[in-house]
Structures are given as structure tokens and as C-alpha cells.
Amino acid sequence: MTCSRYRARILLAAYTIFGMPLASAQLPQPDLQTIFPQGAQIGQTVEVTIGGADLGEATGLLFSHPGITCAQIPVEATEFYPAGHKPVNYRVSVAPDVPPGVYEVTARTRLGLTAPRAFAVGTMPEKIHQTNHSPESAEDLPLNTVINGHADASAVDHYKLDLKQGQRVIIRCDAEVIDSRMDSTISIADSSGHEHKRNRDTIGRDPLLDFTAPGDDTYLLRVHDFTFAGGAQYPYRVSASDAPHIDFIDPPAGAPGTTGKFKIYGRNLPGGSTGEGVRLGPEELESIEVDIPVNGHGTPELIAGPVHTSLVAGMTWRLEANGKKSNPVRIGFAAAPVIRGEEGQEQEIPVPCETHGRFETKGDLDHYRFDARKDQPLWIECLATRIRTKSDPVLWIDQITVNDKGVEQFKEIASNDDSGGTPGGKTFPIRNRDCALLLNPPADGRYRLRLHDYTGRGGSHALYRLIIRPVAPDFDLVVTPWYTASDKAAKGVSRQAALIRQGGTTLLRVFSMRRNGFRDSIKLSVAGLPPGVSCPPVILPSDRDTATLVLHGSMEAATWQGLVTVTGRSGEIERTARAGTISWSIGNWDTEFTRARLSQQLPLSVSAEEKEPIIIQPAQDRYEIELGGKVEIPFKLEKAMGLKGDFTIAVSGLPHSKPPSVKLKQDAGEGKLALTFARSNEFKVEPGEWTFSLRGSGTIKYRHNLSAIEIARNQEARIAGLEKTAQEEAARAKAAIEPVRKALQEAEKNLGAASDDARAALEKAVAEKKTQLQEAEKMAKDAEEKVKRAGAAKKIASDRLKQANDQAKEKDRKHATHSKLITVVVKPPPPKEPGK
Amino acid sequence: MTGPHALHQLVLTARHNEVNDLDATALASYSVEPAGVVKVEGDGLLRVIADGEATITASYEGASLTRQVQVSRAGEVIPISFPNEVVPIFTRHGCNSGGCHGKAEGQNGFRLSLLGYEPEDDHEYLVQEARGRRIFRASPRHSLLLLKGSGELPHEGGSRLSRDNDDYRTVVRWIRQGLPYRPENDPSVQQLVVEPQERLTHAKAVQQLRVVAHFSDGSTRDVTRIAQYETNDEEMATVNGQGLVTMHERPGSTSIMIRFQEHVGVFRATIPLGAPVDNLPTPANLVDERIFAKLLTLGLPPSLLSDDATFLRRVTIDIAGRFPSLEETDSFLTEKDADKRARKIDQLLVGTDYADYFAGKWAAILRNKRTSAHHARGSFAFHSWIRDALHQNRPYHKFVKEFVAASGEVGENPPVIWYRTVKDSKEQLQDVAQIFLGQRLQCAQCHHHPYEKWSQDDYYGFQAFFSKVGRKPGTQPGEEIIFNKTGKASAQNPRSGRSLAPKPLGEAEIELTQHQDPRDSLADWMTNEKNPFFARMLVNRYWKHFFGRGLVDPEDDMRVTNPPTHPALLDDLARNFVESGYDLKALIRTICNSKTYQLSAIPNEHNIGDRQNYSRFYPRRLPAEILLDGINAVTNSKEKFNGQPQGVRAVQLPDDQFTKESYFLSVFGRPDMNSACECERADDVNLAQALHLVNSTNIRNKLASNDARAALLVKDKESNDEARISELYRRAFSRPPGPEELAIGLDYLNRKRTPPDPATLSEEEKKKPKTPETVEREPYEDLIWALLNTKEFLFNH
């Protein structure tokens, strides 16, 4: 433990220097970059260390499952400091009823809650790794134990496994599922150094080794990042287990409310047998058939993987054998009556239906036929990458007609590859490689569907779900904290938490993924806001798939930390947006991998601790005009910090490619911005409500964490006071010595002149005085030492004050900020009077 | 013979016994009966005199032979064919070569199509371009073309055609006839036949060739005097414009390439040494059978078999890409089992070092480049994929199929990364043809291949296999998803404008559906066991790896005109390879278990000049990575490559990046992976290398650090100087030192340790006297340094 604590301290120190967000566009905010170990065993308590930016005043951790709780680690009162707690160390307890899985944790800090970080909960005992960069320092990896480690740059971690001949272990090294930047790679060699297996990228980016020992031996497991990158943001959880492992399940979905027969393909399956020749790597997979009730409710754990994959409605299921649980497998909720796909022939399918087929071979082309009616549009969708296969499906629809010779003719009328676009751009990458289309049948009749795989190599595991159903409005929403970079050329992405400084705003970006042929607009609103925070509803127009919500905190808003929800409504359909986050900050999206994923909660924080440095205060937040009219929006600038150079105010949230803007001088305190609501090529304005904010950008003279100065100053003053008291006490104690000494001298003198009779009494008096002198001298010495200790404590306090002052020194910082939302109601022009 | 200008080359062979044939064409005397029909010149060339029939009798050393000849139309003017008769003259005299008028921009304003592959263009250039100023119809001999060509007017290319030359006269006749392009029904050449095709001859012998063109109308014509000849190895044989080959003294096989229009033919000559061959070891396998048979034919006695130490070092370097460890050396040298060499080969093939070494070899020709830092994931993944395939001994044809038709994303299917470096479909086709088929098709992009049968249709038909490679952005920056686009696969021949469907080399175009991936069809064709190129290319590549020279060399230029030195062996190895299920390790086993591979590099009095018959092992400088790793092993240093864990050896490095970063690797020729050719790896020996080994801080640090070998040796107080010297020799050369070497070593150590005369010390040396440890250590550093600079260390021998 000593070793890991030491390491944690080093890491924390490193973060305070390097952990600042790479893109300096927004104000500093706390970021929980690491928590180590990043998991715990069910029913156990573990001590964790957190690392990241601005976590020095953290007070606690908040987990997404109520059964996971955290306790501060108390620090006892000392001579100069009252009792407190360690800001970066906590005890985390996992209740026995928490299901295994990955959950999330955020840290409570001075400014608010951080963005979430994954936290695993498992059934196996857990350990923390030691330094094991050489085969000689290899560490034992006991069977069915998780070791929490992290990859170091240009290094390989080594573990030892004692295995008997024929003993089979499933070795995993989870990294991606716990938000690690590590591209985990593992290999196993025998004691002679001969490598038997190597693996990576089998479970998403994470590896899996299915190893059967060829002989009794101590085997060496090597764990590293694939390109030998490393650091605290490269944690992993490695284990060798004899628990069952599921590779895939067939069919991939079942009808909710039914109990279906499913075939599990995997390893170490209870009663499982090989023989079907199904392989995902060198080993043949076993299979068993099981009955699984499909509940239709989903599961609480975090669904790892890209956003689109995690959005697929379904539940996780685990196989249990010999008291051990397998890894989770996803079972989708079928969207229509289920049909089994048949191989090798064109298949007739009813509409609506969900067909479970597979790409049997590389570049397989499957054919289906169905009937459709001209007035009944159909939504046709294939799920393959979203159910974690390596296929890239593409589909075509052919209309079938019969010519006068009775021969069938096929005319291609629609096709799709990679539906969905990339609404999050490079900041929040979402991409759907599956295909979907809305079919408007040109006539009643027969149609053929061709489904092809562009990239996979085919096989039993290359399953897909093909859904054909009538058009019905539906959509998914994903919401994530957002910021707009002040520098257009910036390519960095920072992990965001929604944080409102008093008087300021925070942005939430919403992405819509419309389904089942739905095309309408969606009205977005935020629920769960505390008093003093507001956000009017925003319309996500039918032709767009993203919108930005601006949450505004009043000048009186009190400090608050909590969870909020964003909902979207269209007609009768209401959907709660799933929260999203990115796993780590990056400096340049052209060269670094940004990973976006779903999150279990959307934290919002309001901080009265700091004020928004620059507040754009529009005179009104609602205007009404006629179509073609012009609105002039006066606004004030309230500056809690100074500006350097011009400050540009521009409209944000309307579809202009060059938003109307106005440039203010450094010392300007107000301005106005005119906006015309007339139809133009880039602003096709219609009557209705238009919502936008004013975005200001420029350079501010920023001062970081001013309250830290106050705290440090108070601390220093308090300790200075203690030091002064100690000095006074020391002076008093010192002064008290002389009278005692004199009294002793007097007593000794008396004793020298005393008669024998009086001698006994006087000797006693001398002894007493001697004792008194010793005591007085000791008191003086103790008091002097206390003065020294106080001096040292004061030096520390002074250093901290200096540090706080240094950190709060005025620095130029590029900054962008938004006003609260402004709504302009555009009315249709009055009908022209006849004759005019 | 038809027409007054017909020529016919006689070739006369004198057979003394079963194997030794002698060209007697120029030695024989000829008579014609009746006279006046043809005349025979001294070099066996027949010229027409008049119509009629005659009998030609050739006499040589008492033997005689007769042949009939018939002459017709001797008095007629036979219409001349520009493509068949005039253009070959330009080719033969080098006028249309790439260095002269044949280059794209021509020479001094006059342009001809390269090697006459576009005769229509040539006709236009000559007759119409520059307002016809190159031809003077009224007085053909005053045509600029002939005045320049004969050197009568200043001509940078000098005098190419003299006035009394047949070719000169042909051009004059063509001008006289009015510059025709070709007569009606003029046939085209279908095939070229060279006689003889092969000959076992002897040093300084000559051989007259006869070249016959077979035409589309079934007719044949002797084109010996208008074909073009080139030798493959001037040190073995040269050839003149009349098709007369002169052998030189070096024994072995060589070939002469003959070109006529776009057709090529080959004459192969084998020149024996003729020494007694009575020391052939018992053949171990088919390699030895073929190699030894030829040594017998050549009369070229092989060197002795190498000793165990040499074999161990050689085979460990060649298979595992490293030196044998001290333990391996000691155990191998003491083992007595008869089959220990075979067992060592098996052991080396099981180890991951084999996969590491060969993965580097393949990564280089598959151009595993990292052009940006964020490309590392891709290049590491590709290297790892190759390494795993080799470690698991994935059958070669499967490996190639997965590579050639790779689709998907790098995380799922690493070989798609090849398409990141090799972006253009032309580069793709060229690389695949060169790497896996040994066909260098680059030339055929712009014109018919000058040394092969490949036309532009062959080139673009092959390009069509890659015409549907689609790309989408991948998950991570710098990565792409490769997929097969839907639609018809085709590529356009820019000259003809014709759109070609995928066309395997030498075969017809193939029809595919719009969903089929043409790369799958290509892979199927390539890996079909009947494919004439695929297996032969691989066995030749691996042969070169182990012998330093391909049976065809360069190993990936397997054209008709570059024939193998041992055709039957190449065929046998290829057949064996296919029959083994394309088992690469089995192939290596076959090669390394052969006695041929295990021959000593020390020549005998006969085979020192041998460069191609494998009568001895040809020593070669160690590749950069093995040398660096070897130096580290001997000096007990560890290299730290940027971003790699400590202890990763040079031979394990995944991509090109490290060549740039390591001076050692770059100066010793580790490739930058810019080319599909293994020739990018420099194997030369140069001054920069020598200076680096003798005089660099890098090497000095390896020798002198506190945990380096010298320091370790002297720390081991249990050991004595003899044992230490022996250890060094076993580490560096895999053998113990000889008595003389030991004595020299001991003498040096003792001399260096003797305290110097204080009078000779500099002031500084006096101030800072050497510590006892330094006095002990420095002589060892010197000794190791000396060993590192020996040829025995630097070469695989």
C-alpha cells in the first residue's frame, strides 16, 4: 500500500501542474481524471485516491448507484490544525446488493461536481499492483482476483500465474470500460520465455486471452498499452478467471415480456460443448442453450461502448456457474415480431417484423422480399455495428415488377449506408455505421431488400437485426455539457461538467437521433433546476439534429449540486435525454482519439463561490416583432474581472453562417446588437419562437480561486496568532526561572549558615527549590520548542498563502461566455389591406 | 527464303558426346549446290541470289550435314512493313531506347516510341512531324534520318548505321517505296523462338543464335539480324548484334535476352569449370540433389561442411535474427547427437524470435510506415498482425488472402493499414505484383514491358482489381475503414481508352457482380496452386534470405528474361511448398537442413569466384538490427528506442520510425520502408559504418559503462583471463578462441596492465592515476572493441 499511496501522491502533484484543461477556452473547472483503484468487490470497502484538476478541496464522491457510498478519511486535530479530512483519499463501500457492473462516480469540490468517471464493481477480490516492470519483479496474479494497475509509458507490467497442465483461464484486462486511455494488450509466455498467445481489441478495445496451460508451469503475463503510452490516465483491471465468458448470444434480441430460447457462445460455459466450428480467435467456442426472460426494463449498469451502441434498447444478462458470474451480454428488446433469418436463399418476410440474420461469409449479400403499400411508408433499419459485430451493413431496396413476358424486373429505388451523420462533430464523436432508411413505396406491390456487409469477414457471430416497421414517431436524445471554444482554430476538447458561476451560464448540447421515420421538431426542456437557475424551452427544428440549451444562474443563485434531466417532447412522445460525456480531454482532435460515451447521470453545479467574470445582461429576454422586422437588443456588461482588448458579442443559436455581431472596446460597459428577422439565404425565418443567446468572446484578466487566498490568509493569521501566544508563553516561562533561581540561592545561603537543628528543614527547602527550578527550566524549554513548531507551521501557512497568491495572479485567458437565452416571437405580418 | 533481301542464319552444332555440344557455325565450311541460288557467308548467314532450289552442305572435322533451301520472288520488290522491318532497326541500334529518342520528351526534338512499342506513332513522327523534314524522298540517302544515324551529320548518339549495313539499306528501301506503313494483310508477330534455347558450353566458347519470328498468318521469318540482344551478366558472356554469344571464364549459368518488337526470348548458357568433384556430401534433401547435380555438371567442387559453431551462428542469425546466447552456444557445441542441427532448426522456428525477425522483413516490404505520431497504432497493429501470423505459422496463402483483400478498420483487421501508406491503386497493383508474384509491372503503365510480355492492358486489367477500394473515416484520427465499393470493377487503359475488367496476369478478364470484391478474386487467382508466379516468388524470396542470392536475382524480378540459375530446383521448392499447404516453416526447414546451406564459407581453390552455384556459403554483412542487437548482447548493453520499453531489441521494432531515430540503424541500412523491394535495405559496407564502429561515443559507451561486459567480467573474481577471453569469443563468434587467439588476448591484457613508465605520463594522468578497477577493465574494453570490429563478427558467414 505504501507504494501505491506514494505513487498516488506523485500523480496528484503532476496533475496540479499538467492537469489543467488543454483547451483554455473555458474557465478552470474541477475534473476527476483518475480514481485508483477504479473498482471494488461487492460487499467490500476500499480506499481510493482521486486525481485530476482542482480537486484539492474535494469533500466527497458521488456514485451513480446508491449502494456505493463513500466516507471521508478523517485527519485528527493537531497542535495548530483542527480535525479535517483528506481531500483526495476516501473509503468506498459497496453494499452486498449492488449488482456487478460498471457505474459512475463524480467528485464534490469547491466549485461543484466533476464530470463522471467509470467505477467497476465486481464479484472477485481486488488488489492493487506493485511496480512490476520486469519479468524478475513479476507479481502474482491469483486466480479469480482482479488486480488494479495502470500502464506506465514505455513499460510493460508483468504478472505470474501458476497453472497446471490443461488448466484453462480466461484472462481479461479491462481498460476501455473504465474510461482508460489504455489500448490494453496482453500476452502470455511460459517460464522459458516462449510466448504462447497475445491479444488486443477483442472486447471493443480490450483484450481477452483464452489460455489452456500446455504444462505445469509459472506463466508470465505481460500487460501494456499497445503503443507503450502510459500514465495515471491509463488504468486497467486485469484478472485470470475460471468463470464463464460469453462471446455472443444468438438471437441478439427478444420480445419484451417473453422468455426466449437463446444460444450462448463462449468459453467455460457450464455444460457447454464445442463442435459447431464457431471461432472468434484461435479457439473454438462452446455453446449452450438457455431460456432467458426478457424483462423489457434495462439494467442499471453503465453500457460500455460508442454512443449509438449503448443507445440500443436492451438489458444485460450474466450466466452464473459454480457461484461465478460471467461477463455481461446485451440482449436487445425486439422492435417487432421476430423472424429467424434463413441462409442461402431469398426469404419472404412479413411486415412489420424483426429478422435475425447473419452475414455468413465475407461480403455476404442477403435478399429479402416483402409487400408494401403506396400509402404506408416503412422504416427499414439494420443493427449490426450497434450490436457489436464487425460488420458494416449497407442496404438497397428494389421495386419488383413483372414485364409482359412474365419476367421479374428489379429497379433500385432506395439505399443507405452509415445512417445518422455525425451530429457531435469532433468534440463529441457519435457515429452510426449501421444503415436505415425511410421507404415511401412508389406503388402497392412487391419489394426486394438487399443487405450487404462492406467490411466484416462473416461467420456465425456476424449477426444482424433487420427491422421493418411502419413509420411511428420516436427519437433518442443525448445531452452533454458543452462549451464553445473562443478560438475557432482550437482543436482541443475538454471534459466538461455543467457548472454555473453566480450570474453566469452553462451550456448543454443536445443531439437527436430520430427513428422510425420521425422528422418533426422536438421541444427541449430541463427539469430539476434549483432556485435561481432557469432555462426556457428550446425548439430543436425538424431539419436539425443538435441544439444548445443555455442554463442561466441569477446573481442571487445559491451554491447547489445535483442532478438534472433534459426531456424532449414532440406531440405525445416524450423522451428523457441520455447523458453523455467524453472519457478524457485532448489537445488536438486531428491526432488524438476522442471517446464519447453515455453516462448515467447529468450533474449540475451552481457556485456562489465564484462569480462569472463577464456577464452579458440583455435588457429583456423576450421580444415580439413581425416577420421582416428588426430587433435591437441592448445589453450591459458586468465585469467581475478585467478585459484585455476588444470583446465581441455575437448571436449564438440561430442558423447564420456569419452570426450578427458587435465589437466592444475594452472599457465599454454596454452595447446593443441589431438583428433582422427577415428571410434571407442563410436565415430562412418563419413566424414562431426563435431562441438564442449572446455569446461574448475575448481575453479576460483572470484570477483563479480567490477564495483560496482568503482561506490561506486566515489560516496564516490564525497560526500567526498561535505563534504569538506561544512566544508570549515562552517569555513568561523564561521570566519565571529567575525568581526561582534566586529563591534557591537564598535557600542554599540559608542552609550554609544554618545550625544543625534547622538543617533538616532547610535541606528540604533547598531540594524543593531545586525541583522548582528544574520544572521552570523545563517549562521554558518546552515553550521555546512550541515557538519553533509554531514558526514552522507558520512558514507552511505562509508558503500556502504565497502559492494561492501565485495561482491567483492575474493571467490573460481567452474566454467565451453566453448570456441567458433570449426569445424572439416572430409574428406573421398583418394581411395587406385591400387596395393598398 | 522470299524476296531479294531475305536473310537466314544457319546454326551448326557439333556433338562430341551426350552432354557437350559445340557451336560449329563459324568453324564449318559450307558449299552450295547448285551455285547461284544463295550464298553462305562465313558466319553461317544465307543471302539470296536468285529464285531456285539448292542444297547446302556443312562440313566440320570430317562430318557433314545437308539442308535444302528454296528461294522465291528474288527479283521482285517486296512491299516493306514499317512495324515488322523498320522499327526493329531503331530498337536494335538503341535509337528508341529510354536514354535516347525513346524517352517521353524525345531527344533534341526527335521522338520515337519507347522500344518501338507504338509503331504508328513512330511512323507519324518520321513521316509527318516537322513537316517531313527528316525524310528526303527524292534522295533517300540524304534523308536527315540516315545522315544523322550514320554520323554523316553531327549526331550526339554517334554513328549507328553504316552505309554498307543491311539495316541502312532496309531504311533506304523503305523510303524508296514511299514510306509505307505496312502492306495489306501484313501479319503480326505472335511468338519468338530462339535456337538453341539452352547450352552447356565452356569458357571462351562462342555460340551463334538464330531467332525466328512466328507470324499471325502462320509464316515464319528469320529475324536474327534485326533482333536486339542483351546479356544478363557481362562477366560471364557477351553478345554482339549478329546474335553471336561469347562466353567468358567465370563458371555458372547466364542468359542472353533477345527482344523483337514486344516479344522477348532467352538463351541460357552454362559454363562449367571442369574441376573434379569428388567431395559432395550425401544429399539431405531435394535442395542438395539439384544443387549438387549442377556442381557436378559444372565441375565445381563445393567447400567443406561448416563446423558446428559456424552453423549455429549462421542459422540463429538467419532464422531468429540474433546471435546464439552463451548458453545456447555451449550446449550446442557439447551436444553429440547426430540430428542436433535439425533439432536446433526446429527450436529456432518455434521461438518468437523467428516471428519477430521475419515480421520486420515483411513489414519493410509491406511498407509499414508511420508518417505521423498518431499513426503508431496502425503501424504497430500491422506489424503485430504479421508477427502473429508468422508465429502461428499461418499458411502463406491464407496470410496473403487476408492481406490482399483486407477490409474493415485497423482495430479489427490490421492489414488495412497497408492502404494508408499505399494509397494509389497503381501503387497497390505494382506492390502486390512485385511482392507476391515477382512481376515488376511498373513499365507497363506507360508502354509494353521491355523485358516481359506484359502490355498496358495487362497492367490496367490488374489495376482493376483495386478499382473498388473504398475509404471511410475510421474511429481514430489517421485511420480509415477500407471496404469494397459497390459497382463494376474496371480500369481504363489511357492509350487505347479501353475500360478493362479485372484481368489476372496472362489470363482473360473476369466478370464479377457489383457486390463481389475483385480483390477476393485476385487473391483466389494468386493463391491457386496452379498460379505460375505465387509459390515460386515466395520460395525464391526465402531462398535469397538464406543464401544471399535468389535462384532468380533480384528475387522479385522473375521475368522471362531473368531466368533462374536452377530452374528445376525452383520448381521443386515451389511444388513442395504448395504441397505442404504453403507451410513457411517447412520451407525454412528444407532450406536450412540442406547440406548446401550448411557448407562452409571458406572457399577451395576452385570455387572462390562462384557467385551463383552455392558451392560455398556466401558471407554477407549483418543486417543493421542484428548487428546492433549483437553488439548489445556482447557488450551487455540495452538499447532504448523512443517510446519502446527498455530491452526491446532492434529486430523487434515495428515500423520505419526507428530508422530515422537511430543513427546506427540508418547508417547500417535499415530500410525506410518506402519500397516493396527488399533491395531498399542497404547491405553495403561503407566508411561511415567503419567509423561508427571504431570511433563513436555510442559504441564507446556500450563498452565502458559500469554494467557493461568488461565491467562484469572483471567483477567476477572467480573467473580468470582465459575463461573471460573464452566467454567473449563464444559470445561474439559462438566458438571458443584458438590457442593463438588466446595467447594474443592474454598477451594484450598483460601488456595493458603493466604500469606505464611514469616519465611517459601526461600531467593529467599523473594527477589522476587510474583506479585498480580501471586498470583491470580497460584492457577488456579494448579486447571487446577489437572483436566487434572483426569481419567474423560483422558478417554472417
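Heads up: the structure comes first, above all this text.
Residues numbered from 1 in each chain as written. Chains lettered and ligands numbered in written order. Predicted model: local features only at pLDDT ≥ 70, side-chain atom pairs only at ≥ 80, totals over all residues. Heavy atoms only, no water.

Thoughts on the packing of aromatic side chains
Two descriptors summarise a pair of aromatic rings, namely the distance from one centre to the other and the angle between the planes of the rings. Quick reminder of the rule: Ring geometry is summarised as follows: Phe, Tyr and Trp rings, the Trp one being its six-membered ring, pair when their centres sit within 6.5 Å, and such pairs are stacked at plane angles under 30 degrees, edge-to-face over 60 and tilted between the two. Helix and strand assignments come from DSSP, with helices taken as H or I runs of at least 4 residues and strands as E runs of at least 2, each series counted from the N terminus. Burial classification: accessible surface area is computed with a 1.4 Å probe over protein chains only, and a residue below 20% of its type maximum counts as buried, one above 50% as exposed, and the rest as partly exposed. For a lysine, the NZ atom is tested; for an arginine, the CZ atom; a charge sits over a ring if that atom is within 6 Å of the ring centre and within 35 degrees of the ring normal.
By the definition in use, this model includes 51 aromatic pairs over all chains. Relative to F119 of chain A, the ring of F63 of chain A has its centre 5.2 Å away and its plane inclined at 70°; by these criteria the two rings are edge-to-face. Linking F63 of chain A in strand β4 (residues 60–63) with F119 of chain A in strand β8 (residues 117–122), this pair joins segments that are 56 residues apart in sequence. Considered together, F63 of chain A and F119 of chain A belong to a single accessibility category, that of buried residues. Counting every residue linked through ring pairs, the aromatic cluster contains W362, F382, W385, Y396, F399, F403, W418, Y419, F436, F534, F577 and Y582 of chain B. A cation over a ring is seen here: R200 of chain A above F226 of chain A, with NZ or CZ 3.6 Å from the ring centre. Directly above the ring of Y597 of chain B sits R314 of chain B, whose terminal nitrogen or CZ lies 5.8 Å from the centroid.

Notes on the packing of helix α9 (residues 352–365) of chain B against helix α16 (residues 534–547) of chain B
All names here are of chain B. Just so we agree on the cut-off: Note on method: axes are straight lines fitted to C-alpha atoms, helices fitted across the in-contact stretch only, with angles between N-to-C directions ranging 0 to 180 degrees. Here the word oblique covers every angle except those under 35 degrees (roughly parallel), over 145 (roughly antiparallel) and from 65 to 115 (roughly perpendicular). In this scheme the handedness of a crossing depends on how the near helix is turned from the far one: anticlockwise by less than a right angle means left-handed, clockwise means right-handed. Any two residues having at least one pair of non-hydrogen atoms within 4.5 Å are treated as being in contact. Each residue gets one label: Ala, Val, Leu, Ile, Met, Phe, Trp, Tyr, Cys and Pro are nonpolar, Asp, Glu, Lys and Arg are charged, and the others, such as Gly, are polar.
It is at 13 Å that the axes of α9 and α16 come closest, and there the two elements cross at 120°. Taken as axis vectors, α9 and α16 run oblique relative to one another. For the pair α9 and α16, the crossing hand works out as right-handed. Seen from α9, the contacting residues are Y357, F358, K361, W362 and I365; seen from α16, they are L538, R541, Y542, H545 and F546. Residues of the contact of α9 with α16, tallied by class, amount to 7 nonpolar, 1 polar and 2 charged.

Quick notes on the side chain of K294 of chain B
Residues and elements named next belong to chain B. The test is simple: We score Asp and Glu as negative and Lys and Arg as positive, and we do not count His or the chain ends. Just to be clear on terms, a salt bridge is a Lys or Arg side-chain nitrogen sitting within 4 Å of an Asp or Glu carboxyl oxygen.
Checked against the element boundaries, K294 lands in helix α5 (residues 286–298). The side chain of K294 sits in the buried core without any salt bridge; E198 is the nearest counter-charge, 7.6 Å away. Leaving out residues up to four positions away in the same chain, K294 has contacts with S253, T270, T565, H566 and N613.

Quick notes on empty space enclosed by the protein
All names here are of chain A. The cut-off we apply is this: A cavity here means a set of points on a 1 Å grid, drawn over the protein atoms and nothing else, where a 1.4 Å probe fits but cannot get out; a pocket is an open set with protein on both sides within 12 Å along at least five of seven lines, and a residue lines either one if it has an atom within 4 Å of a point. Grid points are joined across faces, edges and corners, and a volume is the space filled by probe spheres set on the points.
Enumeration over the complete set of coordinates arrives at 12 cavities of 30 Å³ or more. Its volume calculated, the largest cavity comes out at about 270 Å³. Looking at the lining of the largest cavity, the elements with two or more residues in it are β38 (498–502), β39 (505–515) and β57 (811–818). The biggest single contributor to the lining of the largest cavity is β57, with 4 residues.

What about the interface of chain B and chain A?
Often, the extent of an interface is quoted as the loss of accessible area upon association of its parts. The cut-off we apply is this: Accessible area, probed at 1.4 Å, shrinks when two parts are joined; the buried area is that loss added up over both. The term polar contact refers here to a pair of N or O atoms within 3.5 Å; inside protein, the definition further demands a hydrogen-donor-capable atom paired with an acceptor-capable atom, and it admits residues adjacent in sequence only when both atoms are side-chain atoms.
With 41 residues of chain B at the interface, the matching set in chain A holds 32 residues. The contact between chain B and chain A buries some 3000 Å² in all, and 50% of this surface belongs to carbon and sulfur atoms. Across the contact surface, chain B and chain A share 9 salt bridges. Across the pair K472 of chain B and D417 of chain A runs a salt bridge whose closest N-O atoms are separated by 2.9 Å. Along the contact surface separating chain B from chain A lie 18 residue pairs in polar contact (both at pLDDT 80 or more). At the level of elements, α10 (376–391), β19 (469–473) and β20 (480–484) of chain B are the ones that each hand at least two residues to the side of chain B that touches chain A. Of all the elements, α10 of chain B adds the most residues to the side of chain B that touches chain A, at 8 residues. Tallied by class, the residues present in the side of chain B that touches chain A amount to 11 nonpolar, 19 polar and 11 charged.

Purely spatial values, then, with no claim about function.
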